[in-house]
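Letter by letter, the chains look like this.
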Amino acid sequence: MKKIGKLDKPDNHGTAEIFKQPILEKITKTHAIIPISLFLLLSAFFLYQAYSHSQIPIGIGIANFLGGYVLFTLMEYLMHRYFYHMHPNNSWKGRIQYSVHGIHHDYPKDKKRLAMPPILSAGYAILLYYVFYFLIADCVYYFLPGFLLGYAAYLSIHYALHAFQPPKGPMKVLWINHAIHHYKDPDVAFGVSTPFWDYVFGTSPKK
Ligand SMILES: [Zn+2]
Ligand SMILES: [Zn+2]
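Residues numbered from 1 in each chain as written. Chains lettered and ligands numbered in written order. Predicted model: local features only at pLDDT ≥ 70, side-chain atom pairs only at ≥ 80, totals over all residues. Heavy atoms only, no water.

Colleague: Is there a simple way to explain the coordination of the zinc ion (ligand 1) in this structure?
Modeller: Distances from the zinc ion (ligand 1) to its protein donors, His104 (NE2), His158 (NE2), His162 (NE2), His178 (NE2) and His182 (NE2), fall at 2.1 to 2.2 Å. Each donor residue of the zinc ion (ligand 1) belongs to the same chain, with the gaps between them written as H-x53-H-x3-H-x15-H-x3-H. Of this pair, His162 sits in helix H6 (residues 140-163) while His178 sits in helix H7 (residues 172-183), and the two are 16 residues apart along the sequence. With respect to burial, His162 and His178 carry one shared label: buried. (Donors = N, O, S within 2.8 Å, 3.2 Å for Na, K, Ca; no water. Helix = DSSP H or I, 4+ residues; strand = E, 2+ residues; numbered from the N terminus. Buried < 20%, exposed > 50% of the residue type's maximum accessible area, 1.4 Å probe, protein only.)

Dropping the structure here:
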């Protein structure tokens, strides 16, 4: 099996240090509920702005909202497959990859390392606002909430996959796919919240 962290097999109980400096180290530990709440609040704020200040017809607004959600699921897949699982060819790329994802493969049940620090996620949200605003102008007030809701859903689902037992019913497939990704083959099942993109790009786990 291909290694992505530093350990030979995942450690379900431990944690690792990213920085020696205690304040920096503390910043890297975040409970997922913090960015989830932040993104939900931001979504609600933008939707309120859209509803109260823009002239965009509601049908166009809903289409943009759904477009934002779907784009997030695609970004989630592509980031996980090509950035988190990149093949680092120098030591600083290796360090970045380990800090953002290798560490999660080494210690999959370390609940404080299931989400990015809020300062980084808030930075991303602001950057995305400007990028989307540049591309689609006022539609951003519907598009960005859809995107951020997708992000909040991903964080919630990923947290649940590691913290809770699989449920009965169709949602169980998410637990099975993510367990295969962590414990059997890290080159399949990159779509954490949306297995759809694994079907599209041919990285679904074999039955
Ligand atoms: Zn995981
Ligand atoms: Zn991974």
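Picking up where we left off.
Colleague: Honestly, the coordination of the zinc ion (ligand 2) in this entry has me stumped. Any pointers?
Modeller: When a metal carries six donors in an octahedron, the ideal angles between them are 90 or 180 degrees, while four donors in a tetrahedron ideally lie at 109.5 degrees. Around the zinc ion (ligand 2), the protein contributes the donor atoms His80 (NE2), His85 (NE2), His101 (NE2), His105 (NE2) and His181 (NE2), which lie 2.0 to 2.2 Å from the metal centre. The sequence motif formed by the donor residues of the zinc ion (ligand 2) is H-x4-H-x15-H-x3-H-x75-H. Of this pair, His105 sits in helix H4 (residues 91-106) while His181 is found in helix H7, placing the two residues 76 residues apart along the sequence. With relative accessibility at 0%, the residue His181 sits in the buried group.

Colleague: Could you clarify how one ought to interpret the packing of helix H3 (residues 58-84) against H6 in this entry?
Modeller: A pair of packed helices is characterised by two quantities: the angle between their axes and the separation of those axes. Orientation of H3 relative to H6, taken along the N-to-C sense of each, is 40 degrees, at an axis distance of 7 Å. Of the possible angle classes, the one that applies to H3 and H6 is oblique. Crossing angle aside, the handedness with which H3 passes H6 is right-handed. Seen from H3, the contacting residues are Ile58, Gly61, Asn64, Phe65, Gly67, Gly68, Tyr69, Leu71, Phe72, Met75 and Glu76; seen from H6, they are Tyr142, Phe143, Pro145, Gly146, Phe147, Leu149, Gly150, Tyr151, Ala153 and Tyr154. (Axes fitted to C-alpha atoms, helices over the stretch in contact; angles between N-to-C directions. Parallel < 35°, antiparallel > 145°, perpendicular 65-115°, else oblique. Left-handed = near helix turned anticlockwise from the far one by under 90°. Contact = heavy atoms within 4.5 Å.)

Colleague: I'm lost on the environment of Arg81 in this one. Help?
Modeller: In this structure, Arg81 sits in helix H3. For the pair formed by Arg81 and Phe39, sequence separation is 42 residues and the distance between their alpha carbons is 23 Å. With residues near it in sequence (within four places) discarded, Arg81 still touches Phe190, Phe201 and Thr203. In terms of polar contacts, Arg81 uses its side chain to reach the side chain of Tyr82, at 3.4 Å. (Polar contact = N/O pair within 3.5 Å; in protein donor to acceptor, adjacent residues only side chain to side chain.)

Colleague: How should helix H5 (residues 118-136) be read in this particular structure?
Modeller: Here H5 spans 26 Å end to end across 19 residues, near enough to the 27 Å set by a 1.5 Å rise per residue. Those residues of H5 not exposed but buried are Ser121, Ala125, Leu128, Tyr129 and Phe132. For H5, the angular spread of the buried residues around the axis is 115 degrees, confining them to a single face. H5 presents Ile119, Ile126, Leu127, Tyr130 and Phe134 as exposed residues on the side facing more than 90 degrees away from its buried surface. (Expected span 1.5 Å × (residues − 1). Arc of directions from axis to C-beta.)

Colleague: Explanation requested: the packing of helix H2 (residues 33-53) against H6 in the structure shown.
Modeller: At their nearest, the axes of H2 and H6 sit 8 Å apart, and the two run at 160 degrees to each other. Regarding the angle of H2 to H6, the classification is roughly antiparallel. As for the relative orientation of H2 and H6, their crossing is left-handed in sense. Together, Pro35, Ile36, Phe39, Leu40, Leu42, Ser43, Phe46, Leu47, Gln49, Ala50 and Tyr51 of H2 and Tyr141, Tyr142, Leu144, Pro145, Leu148, Leu149, Tyr151, Ala152, Leu155 and Ser156 of H6 make up the contact between the two elements. Among the residues making up the contact of H2 with H6, the classes are represented as 18 nonpolar, three polar and no charged. (Nonpolar A, V, L, I, M, F, W, Y, C, P; charged D, E, K, R; others polar.)

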